[in-house]
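# Report on the structure
Residues per chain, in single letters:
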There are 2 protein chains.
Amino acid sequence: MTAQGRVTIREVAERAGVSVATVSRVLSGNYPVPQATRTRVLRAARALDYVANAHARALVGGGRKTVAVVLRQVTSPFYAQVAEGVEAEAATHGWLCLVGTTGGDPQRELEFVQLMREEGARLVILVGGVVEDDAYRERVAHYAQALASAGARLVLCGRPAPDPDIPALVVEFDNEAGARAITGHLLSAGHRRIVFLGGLPGNTALDARVRGYRAALAGHGLPPEAAHVVDCGLGRAAGLRAMTELLEERPEFTAVFAGDDMVAAGALRAIAEAGLRVPDDISVVGYNDIPLAEDFHPPLTTVRTPAEELGRAAVRIALRDPEQAAATHHLLGTHIVVRDSVAAPPPGRAHRPT
Amino acid sequence: MTAQGRVTIREVAERAGVSVATVSRVLSGNYPVPQATRTRVLRAARALDYVANAHARALVGGGRKTVAVVLRQVTSPFYAQVAEGVEAEAATHGWLCLVGTTGGDPQRELEFVQLMREEGARLVILVGGVVEDDAYRERVAHYAQALASAGARLVLCGRPAPDPDIPALVVEFDNEAGARAITGHLLSAGHRRIVFLGGLPGNTALDARVRGYRAALAGHGLPPEAAHVVDCGLGRAAGLRAMTELLEERPEFTAVFAGDDMVAAGALRAIAEAGLRVPDDISVVGYNDIPLAEDFHPPLTTVRTPAEELGRAAVRIALRDPEQAAATHHLLGTHIVVRDSVAAPPPGRAHRPT
DNA sequence: GTGAAAGCGCTAACAG
DNA sequence: CTGTTAGCGCTTTCAC
């Protein structure tokens, strides 16, 4: 059994001396029931500490609405904030929130989505950039179609819809604009040799940032060769390693644009270990403005992506207008938060040609 | 309906030209079925993209095992790690993991536990210290009893069992020992005026740390008045505010023991804003060793509490030996990780009497 | 007003 | 080997 000694509606009915139908009516509260019986039933339920069986309820149709979030990991500050946003907004609407993590494994993602179909989730939210290959497109198209045919909806947060007529709602940040802006900030400070640390070719979020970075460079009249992208991927460890190598091999840059704040953390550490100072010797900027970015040394100038708002928006939009929401694309804005990790390049190194 | 167009087992049966029982049997795989029919059924299920209805399954007994974690918030690095541990261990066992957040509100905690009872969760894990008052004790006793009578189990992570014979499993860190050790570390460096920042009277985790702090002081032959506990509560903002005030009013201390790493982050910032340096002017230690603690300025010396392991242990122990596990108390060890935020007190201030 | 009864989709006897 | 059937706990017509 689902639970050995669980109290059922029948026992409540017996104790209250009414039928199960009456108990159901009282508990659902969607049907007029005279005050007298009402209290009798309530008292019985209270006494037995009765809780309804959610599965039975779901089976017959009145189930609790469920939203599922799928992320790579909850320990990433950024993902955690998105999850919190989803959870908070879901709670607001009285929905239940399921969280699943995949560790970045497409197989586990698939299993989890399958599981959510079984559980009857009405909303499945996939969070985070991915490498967008054919396998991905096919997989997501399948999710969307399967979910849709069961009356559920798919939301992609920060990852692209594989096909415009796939019934999926896309909500993401304007990565390209954000990257363009922060690169512009570096440019304005006088930097010309800026390396982008943390590329991840195929990953849509990172690719967009790289695009924005290149666009800003070009917009400033710099030649395409001025761009220097290091494809080390994300994470503090990657940033630390890549920056260390870069410092040894080709230190002819004055600023670093890290793919996200964790990469920036690693880069900062590498620079410190090399005996250099930020921002005096090298300027560094990040992306996302995670909660502890201002506790880095020095406090990090970065792009603020309101992650919790992303999560909230995802469920809000999906719930607000189901029909219209499908197959639409929502872009959330970002802005720069200036702290202490950017300064003018050191005198001898500014404007130095390639 | 639970979902408009959801494919049911009956449709699969029809398409495969067998009975629903047969379909159920091949899908469950717990009953011998000849290869021929087996493939026919599988093919039909595949073609229809059938997924079983988890609620119907749960209703009849074969439901998926579910574990629920309840935490204050997922954006706290520490809680996030615990949640990740629970999720990972649950996934290992093929269990589903539900995450609920309360924002610290007992009312929401109660609602969530109720919800988990409805959902038929077999394991409910409450994470994080709380203020232990009569209301709390009563509430938890009720959870435990209700869960137990439904064949489910309650696990308290980092919070005390209200009563030894309440059927709840307790798994937590030895806060007192950890606090004693790190205070000892400060003492060994020569500090005698150490303030504990982040007390939260009634909160069992913090109270234990304060006890460890006092014990270490006493063990070093210092009088009880040497202890100075600032009850500012947890969080970066609290640490920042409290430290700022402290620096203005009573700067006669040489080291700070922050209740956790977030408080330490705030304290560090306050000290920097006051124009003082860590560890030259003031030493600072934290608690928990969150992932970014080494990116603070300076890298923070702190107590490592393996949070993910706490989460894993909670489910592992609960699952391993249900009978024995109930009403037992498990203490997980911690250790100091030394980084750069502690030094000897500045010459003029060491050993200065009260 | 309230009860009896028909399922929701599935599994597990129990027959055949 | 496979089909029939009886529920799991609940909501919801449909009668009384």
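Residues numbered from 1 in each chain as written. Chains lettered and ligands numbered in written order. Predicted model: local features only at pLDDT ≥ 70, side-chain atom pairs only at ≥ 80, totals over all residues. Heavy atoms only, no water.

## Quick look at the environment of B:Gly259
Residue and element names in this part refer to chain B. For clarity, the threshold we go by: Here a strand is any run of E in DSSP of at least two residues, a helix any run of H or I of at least four, and the numbering for each starts at the N terminus. In this description, contact between two residues means that some pair of their heavy atoms is separated by no more than 4.5 Å.
Looking at the element boundaries, Gly259 is found in the loop between strand 8 (255–258) and helix 11 (261–273). With 59 residues separating them along the chain, Gly259 and Leu200 place their C-alpha atoms 9.0 Å apart. Once residues within four sequence positions are removed from consideration, Gly259 is found in contact with Phe196, Leu197, Leu206, Arg209, Leu234 and Tyr287.

## Things to note about the UniProt feature "domain: HTH lacI-type" (unreviewed entry) in chain A
Inclusion rule: UniProt positions are given in the numbering used here, feature names are shortened, and annotations may be inferred rather than shown by experiment.
Under the UniProt annotation, the feature "domain: HTH lacI-type" (unreviewed entry) is placed at residues 7–61 of chain A. Segment residues 7–61 of chain A splits into 69% helix and 0% strand. End C-alpha atoms: 21 Å apart.

## So, the protein's contact with DNA strand D
Our working rule: A molecule or strand has a residue near it when one of that residue's heavy atoms lies within 4 Å. Side-chain atoms alone can form a polar contact between residues adjacent in sequence; in general such a contact is a pair of N or O atoms within 3.5 Å, and within protein one must be able to donate a hydrogen while the other accepts it. Ten residues, namely Ala, Val, Leu, Ile, Met, Phe, Trp, Tyr, Cys and Pro, are considered nonpolar, four, namely Asp, Glu, Lys and Arg, are considered charged, and the remaining ones, Gly among them, are considered polar.
Residues in close proximity to DNA strand D total 24 residues, the closest being A:Ile9, A:Tyr50, A:Arg57, B:Thr22 and B:Arg25. Near the protein, within 4 Å, the atoms of DNA strand D are sugar or phosphate in 62% of cases. A distance of 2.4 Å separates a phosphate oxygen of DNA strand D from a polar backbone atom of A:Ile9. At a separation of 2.7 Å, a phosphate oxygen of DNA strand D approaches a polar side-chain atom of A:Arg57. Of all the elements in the fold, those that place two or more residues in the surface near DNA strand D are helix 2 (20–28) and helix 4 (54–60) of chain A together with helix 2 (20–28) and helix 4 (54–60) of chain B. With four residues, the top contributor of residues to the surface near DNA strand D is helix 2 of chain A. Grouping the constituent residues of the surface near DNA strand D by class yields 13 nonpolar, eight polar and three charged.

## Here we look at the interface of chain B and chain A
For clarity, the threshold we go by: Buried area is understood as the total, over both parts, of accessible area removed when two parts are fitted together, assessed with a 1.4 Å probe. Here, a salt bridge means any side-chain nitrogen of Lys or Arg that lies within 4 Å of a carboxyl oxygen of Asp or Glu.
Between chain B and chain A, the residue contacts involve 57 residues of the former and 59 residues of the latter. Both sides together, the interface formed by chain B and chain A hides about 5,100 Å², and carbon and sulfur atoms give 52% of it. Looking at the side of chain B facing chain A, the largest losses of area belong to B:His55, B:Glu118 and B:Leu292, adding up to 12% of the total buried there. One can count twelve salt bridges joining chain B with chain A. Here chain B is connected to chain A by 24 residue pairs in polar contact (both at pLDDT 80 or more). Taken together, the elements giving at least two residues each to the side of chain B that touches chain A come down to helix 4, helix 5 (77–92), strand 2 (96–101), helix 6 (106–119), helix 7 (134–149) and helix 11 of chain B. In terms of residue count, the dominant contributor to the side of chain B that touches chain A is helix 6 of chain B (eight residues). Split by residue class, the side of chain B that touches chain A holds 25 nonpolar, 17 polar and 15 charged.

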